[in-house]
Structure formats: structure tokens, C-alpha cells
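The chain contents come next:
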Amino acid sequence: MEAHVLAPTSEQIAKMDALLKAFADGYNYANEQVKPGITSKTTIQSLVYQDIRARFGLSANQAVNQGTHEGATQNQDRT
């Protein structure tokens with residue numbers, strides 16, 4: 001099977017970099033806002049979902065993933 005190489009344009013690279021920064025900033029925001037004992041993804045999303053979408057311009061799916069990742073991190077920190 002032949003390997004395919006991606007060759008994004010400079011505009012696409014800038015958009016990907018902006019998305020990565022927004023996602024990281026949203027994750028850090030969620031981490032700051034959520035108390036350490038809270039590990040439920042549903043609870044985390046109810047606390048920060050709307051703010052993450054508004055503050056960091058993330059789509060609904062991206063904002064939901066913030067809660068998933070934050071919940072997993074909170075669970076790891078407890079062990």
C-alpha cells in the first residue's frame with residue numbers, strides 16, 4: 001500500500017495551530033474552574049461547556065471533548 005503525505009497550505013497550518021491553542025486554552029480553563037474532586041464528565045460539562053464555547057470559539061463537539069479529557073485527568077489524579 002502506498003503511503004500518502006499531507007501537505008497543508010500555510011493557511012491550513014495557521015488554522016490547525018489556532019485550533020490546538022484554543023483547545024489547550026479551553027482545557028486549562030476547565031482545569032482551573034473544576035474542583036479537583038469532580039470527575040463526572042456530565043458535571044464538568046455542565047460547569048464549563050458554555051464558557052469554553054464562548055471564550056475559545058470551539059465547536060460543540062470540541063467543547064464536549066474538553067469535559068471528557070478533564071474528567072479523565074481528574075480520575076487519574078485521584079489514583
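Residues numbered from 1 in each chain as written. Predicted model: local features only at pLDDT ≥ 70, side-chain atom pairs only at ≥ 80, totals over all residues. Heavy atoms only, no water.

**Observations regarding the nonpolar core**
Here is a general trend for soluble globular proteins: nonpolar side chains tend to be buried in one another's company.
Line of reasoning, step 1. With 10 residues, the main nonpolar core is built from Ala-22, Tyr-29, Ala-30, Val-34, Ile-44, Val-48, Tyr-49, Ile-52, Leu-58 and Ala-63.
Line of reasoning, step 2. Take this core: its biggest share by element is 4 residues, from helix 2 (residues 41-56).
Line of reasoning, step 3. The contacts of Tyr-49, once residues within four sequence positions are left out, are Ile-44, Ala-60, Ala-63 and Val-64. (Core = buried A, V, L, I, M, F, W, Y, C linked by side-chain atoms within 4.5 Å. Buried < 20%, exposed > 50% of the residue type's maximum accessible area, 1.4 Å probe, protein only. Helix = DSSP H or I, 4+ residues; strand = E, 2+ residues; numbered from the N terminus. Contact = heavy atoms within 4.5 Å.)

**Some thoughts on helix 2**
Line of reasoning, step 1. The terminal C-alpha atoms of helix 2, which comprises 16 residues, lie only 19 Å apart, well short of the 22 Å expected from a rise of 1.5 Å per residue.
Line of reasoning, step 2. Along its length, helix 2 shows its largest kink, about 50°, at Val-48.
Line of reasoning, step 3. Restricting attention to buried positions, one finds in helix 2 the residues Ile-44, Val-48, Tyr-49 and Ile-52.
Line of reasoning, step 4. Positive backbone phi, approximately 65°, marks Gly-57, located one or two places after helix 2. (Expected span 1.5 Å × (residues − 1). Bend = angle between axes of the 7 residues up to and from the residue.)

**What about the packing of helix 1 (residues 10-33) against helix 2?**
Line of reasoning, step 1. Where helix 1 contacts helix 2, the axes come no closer than 10 Å and their chain directions differ by 145°. Between helix 1 and helix 2 lies a crossing whose hand is right-handed. Taken together, the residues of helix 2 that come into contact with helix 1 (itself represented by Ala-22, Asp-25, Gly-26, Tyr-29, Ala-30 and Gln-33) are Val-48, Asp-51, Ile-52, Arg-55 and Phe-56.
Line of reasoning, step 2. Across the contact of helix 1 with helix 2, the residue classes tally to 6 nonpolar, 2 polar and 3 charged. (Axes fitted to C-alpha atoms, helices over the stretch in contact; angles between N-to-C directions. Left-handed = near helix turned anticlockwise from the far one by under 90°. Nonpolar A, V, L, I, M, F, W, Y, C, P; charged D, E, K, R; others polar.)

**A few points about the pattern of salt bridges**
Line of reasoning, step 1. Tallied over the full model, the rule gives 2 salt bridges.
Line of reasoning, step 2. With a closest N to O distance of 3.4 Å, Lys-15 and Glu-11 form a salt bridge. Here Glu-11 and Lys-15 lie together in helix 1, a separation of 4 residues that amounts to about one turn.
Line of reasoning, step 3. Overall, Lys-15 belongs to the exposed group, its relative accessible area being 56%. (Salt bridge = Lys/Arg side-chain N within 4 Å of Asp/Glu carboxyl O.)

**Some remarks on the confidence of the model for the protein**
Line of reasoning, step 1. Taken as a whole, the protein shows an average pLDDT of 84; of its residues, 82% reach a score of 70 or greater.
Line of reasoning, step 2. Within the protein, the element-level pLDDT minimum falls on helix 3 (residues 60-78), averaging 65, and the maximum on helix 1, averaging 93. (pLDDT = per-residue confidence, 0-100.)

**Observations concerning helix 1**
Line of reasoning, step 1. Given a rise of 1.5 Å per residue, 24 residues ought to cover 34 Å, and the 34 Å separating the end C-alpha atoms of helix 1 matches this to within 8%.
Line of reasoning, step 2. Turning to helix 1, its buried residues number three or more, namely Ala-22, Gly-26, Tyr-27, Tyr-29 and Ala-30.

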